[in-house]
Amino acid sequence: MELHTNLLKQKVVLELQLEASLHIMALAFFFALLAQRIPLVGDLDVDTLDRMQQREVYLQEQMTKLLLEMEEKNMALSMGTQALLRCFVFCLPILLYLFMWMICSKFYRAEDTGDESSSSEKEQEEEEEEEEEEEDDGVFSLDVFWTVRSHQEDCELMYSLMRGVMDICQSMVSDTFYPVPERLIKVGSTFEGWCPVRNVPVFSLLVPLLPPRGHTFHLDLGTTGEVPATDSRIRVELECTCEREQEMRMLCFLHTPAKELKSQQPSLLHSLCTTSYLDAEKTARCFQELIKNAWQRMQVSEFTMEIDTVKSRRSCRLHVRDVNKRIFYVEFVFGVQQDDTDIFLSSHEIVFRHTPSTVWPQSCVVAEKKFLQYVANHPRGGKFYLRYLQLCGYLMASLKFTIYDMKTVIMHLLNTIPLQRWHGRNFLLRMDDILNYLCCCVEEKRLDHFIVGNNSLPKEIILPKEFRASPPLNMFQHLEEEPDKYERAQHDLEELHDRLTTTLLYGR
């Protein structure tokens, strides 16, 4: 993986060198033409044409010489990069001819040399502005991008609606001994803005839970030592409230006689826990009832809501229908924050594995969201990364690679390649990097988890000590253990390349 990362860095440096060389040679040719005193009207004389042709030959020789020197210095690069150099060498005469034609046309229509220079500068500025305005044209005008954009307004609508529901739930549990919900956190591909086109958008919301009065949460991170822990639990303990009974409007569960406690609601230990651990399934059922009551209190005439009890074993899935008969799928996932970090113990079920009701696996969704926000807020960043996630999610339908695999690959590259090298015309180069990185991971049967053991994360992401100290987690361990999956992964890589080519050529 280190070799591939170094090659990527060398590739970026080479791109910068080639781009600078093109700009220098174009400027040299431009000023050379200025010195030729091209006639403003009529046909060009024979001497002028000869000088222009001689100058063109000279510039071609110098540019080819420069590129050959660069190619000799970069012989250690990958075959893909060398092919890119040869492509540039082949295309340079054509580009040079186009430059000559464009500049001659501008000179030929000008009234004088001074006016032509200012006009050329103005046109160059206008072209740069048009390039920024039309950044969404070309490959970005494909249907794959427009479908995703249609979800943006729905995201704000659903978040506002569900925030109102949860605010009412919070007031309903304020005088009880149920967990207290905090402000909702938007998670998942739909709220991040890159929901795969073929997928039904699910508006996923993380509900952070606080212990009720008179209770404390203790996070038991399991005994296997794996990070992130998949067998972690939330242990509930009672605390003494004898000196604050009036302030907290409750009797102390620890030191009040059992007869007197009968007049008080049962503690969390006796309502939503199994033994002394918070039960995810009981918690989900409790909030299903709370949400039903909250919805009735809201009296929202524009929407109707029903709970999908089949898929709500450890979470709470809603079907919300508007007046236009559109259905929105909303999922509440519950979690408890680990100290003051961006890691939560989540009620989300582990894929392809039975999750006991008292198990709350560690989740990195908030940390990953903060990384993407860091990229979006960076001076040279932006939300351009959504285009790569959208297209990759579209291409990966029905393949064995998961969306999370591809998201991990893209986040690794965002953390390696300078952010300014991801915009506009670099789109196809970066897509090539993404597929090559995935190919290297399959060949090495190793894809490192982006959060665990990654020492190059931005300081804005706050992690527990064990996450930073732990060795990188291999997400492709199953390729090492199961040869059949390795062969399928290689086949899917070829399919990915074919799908990308078809999409770029035909827009579908």
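Here is what the cut-offs are and how they apply
Residues numbered from 1 in each chain as written. Predicted model: local features only at pLDDT ≥ 70, side-chain atom pairs only at ≥ 80, totals over all residues. Heavy atoms only, no water. Helix = DSSP H or I, 4+ residues; strand = E, 2+ residues; numbered from the N terminus. Contact = heavy atoms within 4.5 Å. Areas by Shrake-Rupley, 256 points an atom, 1.4 Å probe, with all protein chains shown as cover. Salt bridge = Lys/Arg side-chain N within 4 Å of Asp/Glu carboxyl O. Buried < 20%, exposed > 50% of the residue type's maximum accessible area, 1.4 Å probe, protein only. Axes fitted to C-alpha atoms, helices over the stretch in contact; angles between N-to-C directions. Parallel < 35°, antiparallel > 145°, perpendicular 65-115°, else oblique. Left-handed = near helix turned anticlockwise from the far one by under 90°. Nonpolar A, V, L, I, M, F, W, Y, C, P; charged D, E, K, R; others polar. Expected span 1.5 Å × (residues − 1). Phe/Tyr/Trp six-rings, centres within 6.5 Å; stacked < 30°, edge-to-face > 60°. Lys NZ or Arg CZ within 6 Å of the ring centre and 35° of its normal. Core = buried A, V, L, I, M, F, W, Y, C linked by side-chain atoms within 4.5 Å. Patch = residues over 30% accessible without salt bridge, like charges linked within 9 Å, V, L, I, M, F, W, Y side chains within 5 Å. pLDDT = per-residue confidence, 0-100. Pairing = 2+ DSSP bridges.

Trainee: Pulling in residues and values, what's your account of the overall build of the protein chain?
Mentor: Within the protein chain, the regular secondary structure consists of 17 helices and twelve strands. Contacts in the protein chain between residues at least 24 apart in sequence constitute 66% of all its contacts with a sequence separation of at least 6. Accessible area of the protein chain: about 27,300 Å², with a carbon and sulfur share of 53%.

Trainee: Tell me about the pattern of salt bridges, and please be specific about residues and values.
Mentor: Enumeration over the complete set of coordinates arrives at 20 salt bridges. In this structure, the salt-bridge partner of arginine 235 is glutamate 237, at a minimum N-O distance of 2.2 Å. Between aspartate 322 and arginine 326 there is a salt bridge, with the nearest N and O atoms lying 3.2 Å from each other. On the basis of relative accessible area, aspartate 322 is assigned to the buried category, the value being 10%. On the basis of relative accessibility, which here comes to 38%, the residue arginine 326 falls in the partly exposed class.

Trainee: Residue-level account of the packing of helix H12 (residues 385-395) against helix H13 (residues 403-414), with values.
Mentor: Running from N to C, H12 and H13 point in directions that differ by 150 degrees, and their axes come no closer than 10 Å. Compared by their axis directions, H12 and H13 come out roughly antiparallel. Crossing angle aside, the handedness with which H12 passes H13 is right-handed. For the pair H12 and H13, the contacting residues are Tyr385, Tyr388, Leu389, Cys392 and Gly393 in the first and Ile403, Met406, Lys407, Ile410 and Leu414 in the second. Tallied by class, the residues present in the contact of H12 with H13 amount to eight nonpolar, one polar and one charged.

Trainee: Explain H13 to me, and be specific about the residues and the numbers.
Mentor: Along its twelve residues, H13 runs 16 Å from first to last C-alpha, staying within 8% of the 16 Å computed at 1.5 Å per residue. Of all twelve residues that make up H13, ten are buried, and the element is covered over most of its length. Taken residue by residue, H13 has Asp405, Met406, Lys407, Thr408, Val409, Ile410, Met411, His412, Leu413 and Leu414 as its buried positions.

Trainee: Residues and numbers for the environment of histidine 378, please.
Mentor: Mapped onto the fold, histidine 378 is located in the loop between helix H11 (365-377) and H12. In sequence terms histidine 378 and leucine 419 are 41 residues apart; their C-alpha atoms lie 8.5 Å from each other.

Trainee: A description of the packing of aromatic side chains should follow, citing residues and the corresponding values.
Mentor: Summed over the entire model, instances satisfying the criterion amount to eleven aromatic pairs. On the numbers, 6.2 Å between centres and 55 degrees between planes, the contact of phenylalanine 203 with phenylalanine 328 is tilted. Of the two residues, phenylalanine 203 sits in strand S3 (residues 202-210) while phenylalanine 328 sits in strand S10 (residues 327-337), which places them 125 residues apart along the sequence. Directly above the aromatic system of tyrosine 159 lies the positively charged group of lysine 186, at a separation of 4.4 Å from the ring centroid.

Trainee: I'd like a rundown of the nonpolar core, residues and numbers included.
Mentor: Counting residues in each nonpolar core, the largest one holds 53 residues, and the members touching the most others are Phe401, Leu414, Ile434 and Leu496. Of all elements in the fold, only H11, H12, H13, helix H14 (427-444) and helix H17 (483-506) reach the threshold of two or more residues within this core. Core analysis: the next-biggest nonpolar cluster, separate from the first, contains 46 residues, Tyr159, Met172, Leu209 and Ala294 among them.

Trainee: Could you give an account of the side chain of threonine 408, with specific residues and numbers?
Mentor: Structurally, threonine 408 is set in helix H13. When neighbours within four sequence positions are excluded, threonine 408 is seen to be in contact with Leu447, Asp448, Phe450 and Met475.

Trainee: Can you tell me about a nonpolar patch on the surface, naming the residues and giving the values?
Mentor: A cluster of nonpolar side chains, Val200, Ile327 and Tyr329, forms an exposed patch at the surface whose accessible area comes to about 250 Å². Mapped onto the fold, isoleucine 327 is located in strand S10.

Trainee: Residue-level account of the confidence of the model for the protein chain, with values.
Mentor: Here the protein chain averages 80 in pLDDT, and 69% of its residues register 70 or above. At the low end of the mean pLDDT range in the protein chain sits helix H4 (residues 113-133), at 45; at the high end sits strand S7 (residues 277-278), at 98. Note on residues 29-44: pLDDT under 50 across the span, and 29 contacts to partners over four residues away in sequence or across chains. Low confidence marks residues 124-137, where pLDDT is under 50. Its contacts with residues over four positions away, or in another chain, come to seven contacts.

Trainee: Report on H12, specifying residues and quantitative values.
Mentor: Within an α-helix, residues lying three or four positions from one another point in the same direction, as the helix has 3.6 residues per turn. Counted residue by residue, H12 has eleven buried out of eleven residues, so it is predominantly covered. Within H12, the full set of buried residues consists of Tyr385, Leu386, Arg387, Tyr388, Leu389, Gln390, Leu391, Cys392, Gly393, Tyr394 and Leu395.

Trainee: An account of unusual backbone geometry is needed here, citing residue identities and associated values.
Mentor: For the peptide bond that leads from valine 227 to proline 228, omega is -5 degrees, which places it in the cis range. By the secondary structure assignment, proline 228 is in the loop between strand S4 (215-220) and strand S5 (233-238). Phi at threonine 275 takes a positive value of approximately 55 degrees, unusual for a residue other than glycine. By relative accessible area, threonine 275 is classed as exposed at 65%. Of note, lysine 445 is a non-glycine position whose phi angle comes to about 55 degrees, a positive value. For lysine 445, a relative accessible area of 21% corresponds to the partly exposed category.

Trainee: Requested: an account of the pairing of strand S9 (residues 316-322), with residues and values cited.
Mentor: Burial of S9 is one-sided: the residues Cys316, Leu318, Val320 and Asp322 facing one way are buried, the residues Arg317, His319 and Arg321 facing the other way are not. For strand S8 (residues 303-307) and S9, the ladder comprises five bridges, and the chain directions are antiparallel. The residue of S9 that forms the bridge with glutamate 306 is histidine 319. In this sheet, S10 lies alongside S9 in antiparallel orientation, the contact comprising six bridges. Looking across to S10, one finds that leucine 318 is bridged to valine 330. In textbook terms, the turn of a hairpin is the stretch between consecutive antiparallel strands, and for S9 and S10 this stretch comprises four residues, one of which, lysine 325, has a positive phi near 70 degrees.

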